[in-house]
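# Reading the structure
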Amino acid sequence: MANNKNKNIEMITGDPKKAIVKLAIPMMVSMLLIMLYNIADSIWVAGLGADALAAVGFITPLFMVLVGLGNGIGAGANSLIARYIGAENYKQANNAGLHGIVLSIIVSVIFTILIEAFMVPILQFMGAGETIQYAMDYSYIIFGFLLVFVYSGVASAIFRSEGDMRRATIAIAVTAIMNIILDPIFIYILNLGIAGAAWATVLSAILSCVVMSYWIWGKKDLYLDLSPKNFNYQSSMMLDTLQVAIPSTLETIVFSALAIIINSMLVMASGTTAVAVYTASMRIVQLAMIPLIGLGTAVLTVSGVAYGAHNHVNLKTAHSYSIKLGFAISILLGAVMFIFSSPIATMFSYTEASAALSPQIATAISVLSLFVLAIPHGMMSSMMFQGVGKGTYSLLITLLRSLILESVFAYIFCFIFGWGLPGIYGGVVFGCFVGGTVGYIWAKFFIRKFTQISIKKYTPQEN
């Protein structure tokens, strides 16, 4: 195992192109499994009718906030650990991992209380209407086990930070496969309905947490040593983690706020059925985004190591290479979505209760296939900023791209230009591309400045 540890560290500190591919591929597999069980969730719930599917659509933005808490703290820990590994500071890398775990526990307790207390007003504000009972049955269970999801995100990030993608992938695979198996059992065989989908998700995540905890504290064969004796509370380290964690979590909240805004526009334009259509369509878009998310996660680690080692060449290469690879993948997947939009739509309309949704879902998928092409340059720039510890920069890019431009153009195209539902879809695509372009330009300026500083500070001066 020592050799594997060394190989992982050599990989993330070596050629950034090879590192990105080796880190991204397992992450793509992980995300594919996660998205498949999310889609399975929607497909099984769709059998309960449009109201149940719409309820999942209302809860999804809130659930993404829940997942974002774990991923945000995980991103902060990942960035900080990677920078310490790049700087060859093993002791502080251990401490950074432990700070991430402690932070996950504190945050989970606080937000579980808040979300559970205000669930009904939140759903009413979102316009859940006649679907609110479905939404409540699903949400109280999911949000009651917030700690499971937050801890899972942080533990997985710790494995990724040291280049151990194999076990990070296995842990996620356990969650996804178990969820796919348990969904139909809990929903239909045990007749728990939409609450069954929630219980399947929670129990699957608990199993994953048990597996990762065993690797960390049972086998103790990580590169990092996360024994409690290595924890040395440092407010500066907690703040450093939060500098990435808070903006990263807020980015997820921004995405959720955007989803709430878009859902509101959809209800205004065509009723709650439009939310069901958009929910099903975005599942497919998210599936196509998996390779980009995998690349972005790899960029975070590689950028953090390069920044910690003051290696401007690797930082620049990681950013540009990931964008080129991202666009190549996006073109292929966008084409597949567009060509096969109708067959894909039938997955969400296999019962009499949901059959009428098929042509609407096909139309939405056709337009939103362009969304995948609008993502790579903005996403890779944001993840690079998170990797170097500039989480606020990443947040600002996301605010501009999603909350401002996507929502504004969606409103303009739908209500002012009168394009209806396709206008909302088109506005989301156009806003994403424009905002991502701004983020890309900003990232290029940052890398150029970092390069100038590194050359000046770390190049030996001749006498």
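Presented here is a report on the structure given in the accompanying data block. (Residues numbered from 1 in each chain as written. Predicted model: local features only at pLDDT ≥ 70, side-chain atom pairs only at ≥ 80, totals over all residues. Heavy atoms only, no water.)

## What to know about helix 13 (residues 312-339)
Taking 1.5 Å as the rise per residue, helix 13 with 28 residues should run 40 Å; its terminal C-alpha atoms sit 41 Å apart, in good agreement. Within helix 13, burial applies to His312, Asn314, Leu315, Thr317, Ala318, His319, Ser322, Ile323, Gly326, Ser330, Gly334 and Met337. Measuring from the backbone nitrogen of Val313 back to the side-chain oxygen at the start of helix 13 gives 3.3 Å, which picks out Asn311 as the cap. (Helix = DSSP H or I, 4+ residues; strand = E, 2+ residues; numbered from the N terminus. Expected span 1.5 Å × (residues − 1). Buried < 20%, exposed > 50% of the residue type's maximum accessible area, 1.4 Å probe, protein only. Polar contact = N/O pair within 3.5 Å; in protein donor to acceptor, adjacent residues only side chain to side chain.)

## What to know about the environment of Thr437
Secondary-structure assignment places Thr437 in helix 18 (residues 420-458). Given a relative accessible area of 28%, Thr437 falls into the partly exposed group. For the pair Thr437 and Arg401, spaced 36 residues apart in the sequence, the C-alpha separation amounts to 9.0 Å. Among the polar contacts made by the side chain of Thr437, one reaches the side chain of His377 at a distance of 3.1 Å.

## Some points on the environment of Ala135
Here Ala135 shows up in helix 6 (residues 132-144). For the pair Ala135 and Leu300, spaced 165 residues apart in sequence, the C-alpha to C-alpha distance is 34 Å. With residues near it in sequence (within four places) discarded, Ala135 still touches Ala55, Ile59 and Leu123. (Contact = heavy atoms within 4.5 Å.)

## Examining unusual backbone geometry
Phi is positive for Asn191, close to 60 degrees, though the residue is something other than glycine. Along the chain, Asn191 falls in the loop between helix 8 (165-189) and helix 9 (194-219). Asn191 sits in the exposed class, given a relative accessible area of 63%. The phi dihedral of His310 is positive, around 60 degrees, even though this residue is not glycine.

## Describing the packing of helix 10 (residues 235-270) against helix 11 (residues 272-288)
In the contact formed by helix 10 and helix 11, the axes pass within 7 Å of each other and the chain directions differ by 130 degrees. In this view, helix 10 runs oblique relative to helix 11, as classed from their interaxial angle. You can see that helix 10 and helix 11 cross each other, and the crossing is right-handed. Residues Ile262, Asn263, Leu266, Val267 and Ser270 of helix 10 lie in contact with helix 11, whose contacting residues are Thr272, Ala274, Val275 and Tyr278. Here the residues of the contact of helix 10 with helix 11 sort into six nonpolar, three polar and no charged. (Axes fitted to C-alpha atoms, helices over the stretch in contact; angles between N-to-C directions. Parallel < 35°, antiparallel > 145°, perpendicular 65-115°, else oblique. Left-handed = near helix turned anticlockwise from the far one by under 90°. Nonpolar A, V, L, I, M, F, W, Y, C, P; charged D, E, K, R; others polar.)

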